[in-house]
Structures are given as C-alpha cells and as structure tokens.
Amino acid sequence: MPTPVDSKSKLSANDGALVSDPTLYRSLAGALQYLIFTRPNIAYAVQQVCLFIHDPRESHFATLKRIIGYVKGTLDFGLYLYPSAPTKLLAYTDADWAGCPDTRRSTSGYYVFLGDNLISWSAKRQATLSRSSAEAEYRGVANVVAEICWLRNLLLELQCPLRKASIVYCDNISSIYMSHNLVQHQRTKHIEMDIHFVREKVARGQVKILHVSSSCQYADIFTKGLLRQLFTDF
C-alpha cells in the first residue's frame, strides 16, 4: 500500500460487522504500537485502529491490514539519529477539528526536533470537545508546549541547557494571536488554563509560537489521512 491510511472519512465505532477473531485484531494492533517507536509515519493510522480495540469491526480490521501492507512495502524505513549539537528545539503542531464521527472530538498531533533529530511525537484524540477550530488548535499548542518544557528541563538536568527559545509552528492564526494577546476573549474562556500556561512560557522567552502555511504543516501526518504525494513529501 502506498500510504498507511486513506484520505476518506475517519473510522466509526459502529461501521460494519464485528470481526470473527478480535484476539487477532488486538494482537496485531498491539504489535503496531511497538513499531511506532521507530516509525512515526504510521502513528496516526495506528492511533485510529487502537481506538476500537475493545470492539473491532470489519472496517477497522481492513484499515489495520492496510497498515501492515504499507509496512511490508517499506521495511527499510526507520528513524535515523545523527550526531548533532543540542542547541534548539523545533516543533510543529496541528489539529483536525471535530474529526471523530462518533464523539466529534478533535485529533491533535505534534513532533519535536532536537537539532536535526526527531525525538518526540504524538497523534492523539483530545479528551474533551472543542467548540471551535481555534480551541482545538490551541489545545494542540498547549500539549506540545508542555512536552517542550519537559524536554528543556531534562536537558538542563543533563547539563545541556538551551539558551534560545524553542520554536513552535502552527497554521492557525487565531491560536498564534491568543498566545501573545493578554486580553481574555469570550471565545477563549473555556480554555483559560491552556491560555495562561502557553502565555506564561511565551512571556518567559522559553517558547515562540510562529505561523506556518498549511502546505508546510508537517504535523498533518499525525492528524488525518493524506493523499499519496503529500504523505510522501511530508
């Protein structure tokens, strides 16, 4: 398969008949979870099939077999680490607003580079509903900022402190505006904790939130199925 998941609508909990052997489904899904430790390009697809591990359907199993087909054709792929000075952290974050057809929760994803090396990534359905795309995107920003803070503290303990602010790229203008504007708006009151958390890190000079165009938003690979050419480029 050219990609681990298609670009159609996301899986639904009641889509199709129950699988005849749920134990096999759970075994394969569990094995793929270990594989994403060195294959972040399948993280979103594996996250999707693991959402239904308690009650798998035939459509879910078809998606799981597609992932295995993709892995079979890319056995030489992996996560490469290169000698690099740990002088900066760079992150991309994105969210697919209300993408889940059952709960209408959003899926957020991010990845973090230390120097030239990819060291952290995530593709995860958000725990609560977001009432706007800006809210969904900002929750994604808050998640990656929390990860960056943890990594900065870890590097400090390893006696490799970062002197420069870590850069976070986001393609949502509203989220970037909220990270700098100190005025609380009606539309953002329900995410007030995330608002203050990110603003504090920005004010301290630990993090900078910058805009990136959607065509260069590499974190899309963690939030939705992409067309073959775009997936390959990312």
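Throughout, a residue's number is its position along its own chain's written sequence, starting from 1. Since the coordinates come from a predicted model, pLDDT governs what is reported: local features require at least 70, and pairs of side-chain atoms require 80 or more to be given and counted, while whole-chain, interface and lining totals use all residues. Side-chain figures throughout are based on the complete set of non-hydrogen atoms in the structure, without hydrogens or water.

Asker: Explain the side chain of glutamine 48 here, please?
Answerer: Mapped onto the fold, glutamine 48 is located in helix H2 (residues 43-50). Judged by its relative accessible area of 5%, glutamine 48 is buried. Ignoring sequence-local partners within four residues, the contact set of glutamine 48 consists of Lys10 and Leu11. Helix numbers and strand numbers start at the N terminus; a helix is a DSSP run of H or I with at least 4 residues, a strand a run of E with at least 2. Partly exposed residues are those whose accessible area sits between 20% and 50% of the maximum for their type, while under 20% is buried and over 50% is exposed, using a 1.4 Å probe and protein chains only. The contact criterion used is simple: two residues touch if any of their non-hydrogen atoms lie within 4.5 Å.

Asker: Explain the pattern of salt bridges here, please?
Answerer: Close approach of charged atoms allows side chains with opposite charge to pair. Should a side-chain nitrogen of Lys or Arg be within 4 Å of a carboxyl oxygen of Asp or Glu, the pair is scored as a salt bridge. For the structure on display, the rule yields eight salt bridges. The closest approach of N and O atoms between lysine 10 and aspartate 96, which form a salt bridge, is 3.0 Å. Linking lysine 10 in the segment before helix H1 (22-35) with aspartate 96 in strand E1 (residues 89-96), this pair joins segments that are 86 residues apart in sequence. Residue classification places aspartate 96 among the buried residues on the basis of a relative accessible area of 18%. Residue aspartate 194 is joined to arginine 139 by a salt bridge in which the shortest nitrogen-to-oxygen separation is 3.7 Å. In this pair, aspartate 194 is assigned in helix H6 (residues 192-203) and arginine 139 in helix H4 (residues 133-157), connecting sequence segments 55 residues apart.

Asker: Explanation requested: the packing of H1 against helix H3 (residues 58-73) in the structure shown.
Answerer: Each pair of packed helices can be described by the angle between their axes along with the distance between the axes. Angular values range over 0 to 180 degrees, each being the angle between N-to-C directions of two axes fitted as lines to C-alpha atoms, with helices fitted over their stretch in contact. Running from N to C, H1 and H3 point in directions that differ by 40°, and their axes come no closer than 11 Å. When the interaxial angle is binned, H1 and H3 end up oblique. For the element pair H1 and H3, the recorded crossing hand is left-handed. Contacts from Leu24, Tyr25, Leu28, Ala29, Leu32 and Leu35 of H1 reach H3 at His60, Phe61, Leu64, Ile67, Ile68 and Val71. Classifying every residue of the contact of H1 with H3 gives eleven nonpolar, one polar and no charged. Should an angle lie under 35 degrees it is considered roughly parallel, over 145 roughly antiparallel, and from 65 to 115 roughly perpendicular; all remaining angles are considered oblique. Definitions for this section: a left-handed crossing has its near helix turned counterclockwise from the far helix by less than a right angle. A right-handed crossing has that turn clockwise. Only Asp, Glu, Lys and Arg are considered charged, only Ala, Val, Leu, Ile, Met, Phe, Trp, Tyr, Cys and Pro nonpolar, and every remaining residue, Gly among them, polar.

Asker: Where do I start with the sheet that holds strand E5 (residues 207-211) in this structure?
Answerer: Strands belonging to one sheet form pairs held by backbone hydrogen bonds; the direction of such a pair is parallel or antiparallel. When DSSP finds two or more bridges between a pair of strands, those strands are recorded as paired. As summarised here, the arrangement of the five strands in space is E3-E2-E1-E4-E5, forming an open sheet in which the pairing is mixed. Of all strands in the sheet, those with a lone pairing partner are strand E3 (117-125) and E5, marking the two edges. On average, adjacent strands in this sheet sit at an angle of 20° to one another, irrespective of strand direction. Pairing between strand E4 (residues 166-170) and E5: five bridges, direction parallel. In the sheet register, cysteine 170 faces E5, and the bridge partner there is histidine 211. In this fold H2 packs onto strand E2 (107-114) and E3, with an angle of close to 30° to the strand it touches most, E3. Packing against the sheet, H4 makes contact with E1, E2, E3, E4 and E5, and its axis sits at approximately 155° to E1.

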